Amino acid sequence: MAEVIGERDGILREELLSFRHFVVETHSLIQKEKNRKFYFCRLPYQNVSHIKEYAGYIRDRFESFVVIGIGGSSLGARMLFESLTETNHNLKKKPKIFFLENVDPEKFKSVLEQIDIKNTCFNVVTKSGSTVETIANFSVILSMLKKELGDNYRENLVFTTDPEKGFLRKLGNQEKIKMFDVPPLVGGRFSVLSPVGLLPAAVAGIDIEELLAGAKKMDLVCSIEEHVEHNPAYLIALSHYIANMRRGKTISVMMPYSEKLSSFVDWYRQLWAESLGKDGLGQTPVKAIGTVDQHSQIQLYREGIRDKIITFLHIEKSDVDYKIPEELPEDISYLSGHSLHEILSKELLGTKAALIKSKVPNITISIDRISSYNIGMLIYLYELATGFSGYLYKINPFDQPAVEEGKNFTYALMGREGYQEKLEEFKELYKE
Ligand code: PA5
């Protein structure tokens, strides 16, 4: 049985081409939606001089910078920081950058222990202005800041939130806190190229103009190319859709051969899961890291349940590399003179061959190096692929009613006004 499924697991060119009319029609719908639902496509063209200027002030003035946000209000910024700054940035550079996402007291303590609160700028990021984790973490920090700095506490805060609505905007207006806008038409997980991701990135010293230049390049390629074979975003979306709906691949594994891209996969996991997991449809995105997970997951991917499509991320050149000495004992002399990055690339090829042998569908995306430009391209590529997938699955990729439901139950449990009915519903669900 496995053999028969295996023979049919690959995705045929003709099958992709059979979607050509659908792709042309959807392409034109997307172009028309760029000032509405697909507004994230406009972000690469924004003027970022005000973001750069304020980031410059923060860099000069503060020793540390803490982003307080969660989900789409943090994952993108964390992905940019971890992918694009030097490894061990916080040991070598100022300002040190931290992320307070969870309401985990141990994590909170660990961040506090690494900063001097008086010399720290806190960027509170929440589009709705009310997410429990963000507002709770912020409230604790606010009381600490007031205690340490008295009326001067305001200088250590910057808010990124909806331009008009929500608690945080109201507070920011009242207290005259510096604020940046989350564009109203851009949802959390599509907001990394807005001030949500760009301010922390610029504070970390990342070239945000290059990031946007990469995204712009991808927008250009994908805007002029309505042919499925030449449009990388549509190709990714369709391959995954066919793998899912026609081959039963309910899991999409993303496997970068680079530890620096680990949080790129965290960002992708949110984008794919929260956007497409609707109406009983969607694929579960899973993270694997090459080569580490070769020694753990690949057994399952090759010989276990055949429910996966794998995407490898290949980095052609590494900015740092280490050479293995020429003189090695005979048993391991096959490694002589090779470099660590060379082995990483060969291991990717080896794993890919092993998957092909087992007829596990896989895609490889190569970038020449990890740079702001290339990450900008990848961000735009996956955002557009996700938006396009919404049309394939016939669902709205831009809402998240199931996430909101969990948030509403939490508000009810914490006694928020107006949530009494939700509390009753909660009690009903827990009744035996
Ligand atoms: O993508 C989304 O919409 C979510 O992941 C949100 O970003 C997350 O729930 C945080 O919401 P907010 O920015 O309103 O605090």
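Residues numbered from 1 in each chain as written. Predicted model: local features only at pLDDT ≥ 70, side-chain atom pairs only at ≥ 80, totals over all residues.

J.: Could you give an account of the overall build of the protein, naming the residues involved and the relevant values?
T.: Of the regular secondary structure elements, the protein holds 18 helices and 9 strands. In terms of overall dimensions, the protein is globule-like: its C-alpha atoms have a radius of gyration of 23 Å, near the 22 Å expected for 432 residues. Taken across its 432 residues, the protein has 39% of its residues classed as buried. A separation of at least 24 residues holds for 76% of the contacts in the protein among residues at least 6 apart in sequence. (Helix = DSSP H or I, 4+ residues; strand = E, 2+ residues; numbered from the N terminus. Rg over C-alpha atoms; globule rule 2.2 N^0.38 Å. Buried ≥ 20, exposed ≤ 12 C-beta atoms within 10 Å, placed from the backbone. Contact = placed C-beta atoms within 7 Å.)

J.: An account of the sheet that holds strand β1 (residues 64–68) is requested, with residue identities and associated values reported.
T.: Strand order in the open sheet formed by 5 strands is β2-β1-β3-β4-β5, and the pairing between neighbours is parallel. The sheet is open, and its two borders are formed by β2 (96–100) and β5 (178–181), each paired with just one other strand. Averaged over all adjacent pairs, the angle separating strand axes in this sheet is 20 degrees, with direction ignored. In this sheet, strand β3 (residues 120–126) lies alongside β1 in parallel orientation, the contact comprising 5 bridges. Among the inter-strand pairings, S64 is bridged to a residue of β3, identified as T120. (Pairing = 2+ DSSP bridges. Axes fitted to C-alpha atoms, helices over the stretch in contact; angles between N-to-C directions.)

J.: I'd like to hear about the nonpolar core, residue by residue, with values.
T.: Core analysis: the biggest nonpolar cluster contains 100 residues, and I68, L80, A201, A233, A237 and L381 have the highest contact counts within it. Considering each element in turn, this core owes the most residues, 12 residues, to helix α16 (residues 372–393). In this structure A233 touches C222, L381, L384, A385 and F388, once residues within four positions along its chain are discounted. (Core = buried A, V, L, I, M, F, W, Y, C linked by C-beta atoms within 7 Å.)

J.: Before we move on, could you go through the UniProt feature "active site" (unreviewed entry) in the protein and cite the residues and values that matter?
T.: The sites that carry the UniProt feature "active site" (unreviewed entry) are, in the present numbering, E274, H295 and K407. The largest pairwise C-alpha distance within this set of annotated residues, which runs over 134 residues, is 37.5 Å, so the set is dispersed in three dimensions. Note on placement: H295 falls in the loop between β7 (284–287) and α14 (298–303). Locating K407 in the fold gives a position in helix α17 (residues 401–413). (UniProt positions renumbered as here; feature names shortened; annotations may be inferred.)

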